[in-house]
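The chain contents come next:
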Amino acid sequence: TVSIPPSVYMAASSDNAVNASAEGPSLRTVVCGLSLPSCVFNSSNPFATSLEDLQALDASAAGAVATRTACPGFVHDEATMKWASPDGANTINCLGYSPLPFEYYTGCLPQLSGAKPCWLSISGSAEEVGAMVREAAALAPSLPGGLAVEINLSCPNIAGKPPLAYDFDALRDYLGTVFDAGPPPPTLAVGVKTTPYFYDAQYTGAAAVLNGCPHLSFVTAINTVGNGLYVDVATEAPLLAPSCYGGLGGAAVHAIALGNVRRLRALLRPSIAVIGCGGVDSGEAAFRHLLCGASAVMVASALLHEGVGVFARVEAELRGIMASKGYSAVADFQGKLREPAAPQQRAAAPCAGLAPPATNGRSSVGGGGGGG
């Protein structure tokens, strides 16, 4: 975890009381040692591309500022890489990574206010990512709010490069190479963004690799669900034409995201924080993620629809839910999803030879036309 001065923790604790009395329950949280004024912030997305985008996020109610994913050598094609919202609630995109390089973002972050942590999203080969992590480590002490690096292992839109997060042997080797020069300094948190997982062997396989890397501080779950297809009825063509398939985000993936957050929180070591991402478009959605074990939540599709005002709205709704339940802080309910009661065993079937149940004059076998 990241080392931050005790005074920061003390300020966060004292601010909780002020925050709770002035605005209702406190949304402050600590993620891998970084103190966030709110547990709600943006994920890596197209509205986190430019310095102007980042400054708008910095000035908003978001608890941190995350950049769009920088990847060395990636070439953006404006004609074919796009995003769309077919229904005002969900999004689909075939964008890939940022058109701007890593160095652009390391130059942007010092120009922000420093009042909240920054999340620097990166991708690339293991050697490239290792070099970027080392550069970020040199930058981190100059950022008053702290710095986290998120390694994007999960973009579904890169031709010929399936998400590394599904190949656990390759992922183990990749992380080993990233940290070949040694662990990150205590002033830098490093984590990964995972693909959506769907069955037990994927959860246990991913958790085994991530738990086996001692240098990881957090996991963001999930990225978009790949190979989605929306069809424009008017044109009878894919909505993303001339492209076809893309990553689906928004309310449609919310339940999948919750399942991933819950399963990964149960399987990962406690020192790895889980950040929930997927369908966070309301205070209720944020509450569900936190209840399932997320330390913070990220917003993407709702940000694309509403702009940076979405953070104040979601936070107000979340505070309202917390107040109605008597919660004064996120820690009061985080990770405390109520387990369903074990089903009661049904009574044994009657012994052979006993009279069958009445059938209201209708034979239970054959005959009678019946309405289903």
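Everything numeric here is computed off the predicted structure, so don't read it as measured data.

(A) Focus on the confidence of the model for the protein. Overall, the predicted model of the protein reaches an average pLDDT of 87, with 85% of residues at or above 70. Considering only residues more than four positions removed or in separate chains, one finds that residues 1–21, a stretch of pLDDT under 50, has 31 contacts. Across residues 351–372 the pLDDT falls below 50, and counting only partners more than four positions away or on other chains, this stretch makes one contact in the model.

(B) Structural detail: the pattern of salt bridges. For the structure shown, the criterion picks out six salt bridges. We note a salt bridge from arginine 288 to glutamate 284, for which the minimum N-O separation is 3.2 Å. Placement of both arginine 288 and glutamate 284 in helix H8 (residues 283–291) is noted, with a separation of four residues, approximately one turn of the helix. Judged by its relative accessible area of 34%, arginine 288 falls in the partly exposed class.

(C) Representation of the packing of aromatic side chains. Scanning the model with the defined rule gives 10 aromatic pairs in all. Centre to centre, the rings of phenylalanine 287 and phenylalanine 333 are 4.5 Å apart; their planes meet at 25 degrees, and the pair counts as stacked. Here phenylalanine 287 is found in helix H8, whereas its partner phenylalanine 333 is found in the segment after helix H10 (310–325), with 46 residues between them in sequence. Using a relative accessible area of 1% as the deciding quantity, one classes phenylalanine 333 as buried. An aromatic cluster of at least three residues, connected via ring pairs, comprises Tyr166, Phe168, Tyr197 and Tyr203.

(D) Region of interest: the nonpolar core. Counting residues in each nonpolar core, the largest one holds 97 residues, and the members touching the most others are Phe41, Trp119, Leu147, Ile151 and Leu175. By residue number, the principal contributor to this core is helix H4 (residues 126–139), which donates seven residues. Counting five residues, the second-largest nonpolar core is a separate cluster that includes Cys71, Phe74, Met81 and Leu95.

(E) Main features of the sheet that holds strand E8 (residues 147–152). Strands sit in the order E3-E16-E15-E10-E9-E8-E7-E4 across an open sheet of eight strands; the sheet is parallel. Strands at the two margins of the open sheet, each flanked by one partner only, are strand E3 (40–42) and strand E4 (65–66). Looking at chain direction, strand E10 (residues 218–221) and strand E15 (residues 273–277) are connected through four bridges and run parallel. The partner of phenylalanine 218 across the bridge, within E15, is alanine 273. Taken strand by strand, helix H7 (residues 254–267) contacts E10 and E15, and its axis lies near 175 degrees from that of E15.

(F) Summary view of unusual backbone geometry. Between alanine 221 and the following residue, isoleucine 222, the backbone shows a cis peptide bond with an omega angle of 20 degrees. Relative to the helices and strands, isoleucine 222 is located in the loop between E10 and strand E11 (225–228). With omega at 15 degrees, the peptide bond leading from alanine 241 into proline 242 counts as cis. When you line up the elements, proline 242 lands in the loop between strand E13 (237–238) and strand E14 (246–250). For cysteine 32, which is not glycine, the phi dihedral falls at a positive 45 degrees. We classify cysteine 32 as buried; its relative accessible area is 6%. The backbone phi angle of asparagine 227 is positive, close to 60 degrees, even though this residue is not glycine. Checked against the element boundaries, asparagine 227 lands in strand E11. For asparagine 227, a relative accessible area of 63% corresponds to the exposed category.

(G) Region of the structure containing the sheet that holds strand E6 (residues 90–93). Pairing is antiparallel across the open sheet formed by four strands, whose spatial order is E5-E6-E14-E11. The open sheet is flanked by strand E5 (83–84) and E11, the only strands paired with a single partner. In this structure, E6 lies alongside E14, joined through four bridges in antiparallel fashion. Residue pairing in the sheet places isoleucine 92 in a bridge with leucine 248 of E14.

(H) Up close: the side chain of serine 243. By the secondary structure assignment, serine 243 is in the loop between E13 and E14. You can call serine 243 buried: its relative accessible area is 18%. At 2.8 Å, the side chain of serine 243 and the backbone oxygen of threonine 80 are in polar contact.

Cut-offs applied
- Residues numbered from 1 in each chain as written.
- Predicted model: local features only at pLDDT ≥ 70, side-chain atom pairs only at ≥ 80, totals over all residues.
- Heavy atoms only, no water.
- pLDDT = per-residue confidence, 0-100.
- Contact = heavy atoms within 4.5 Å.
- Salt bridge = Lys/Arg side-chain N within 4 Å of Asp/Glu carboxyl O.
- Helix = DSSP H or I, 4+ residues; strand = E, 2+ residues; numbered from the N terminus.
- Buried < 20%, exposed > 50% of the residue type's maximum accessible area, 1.4 Å probe, protein only.
- Phe/Tyr/Trp six-rings, centres within 6.5 Å; stacked < 30°, edge-to-face > 60°.
- Core = buried A, V, L, I, M, F, W, Y, C linked by side-chain atoms within 4.5 Å.
- Pairing = 2+ DSSP bridges.
- Axes fitted to C-alpha atoms, helices over the stretch in contact; angles between N-to-C directions.
- Polar contact = N/O pair within 3.5 Å; in protein donor to acceptor, adjacent residues only side chain to side chain.

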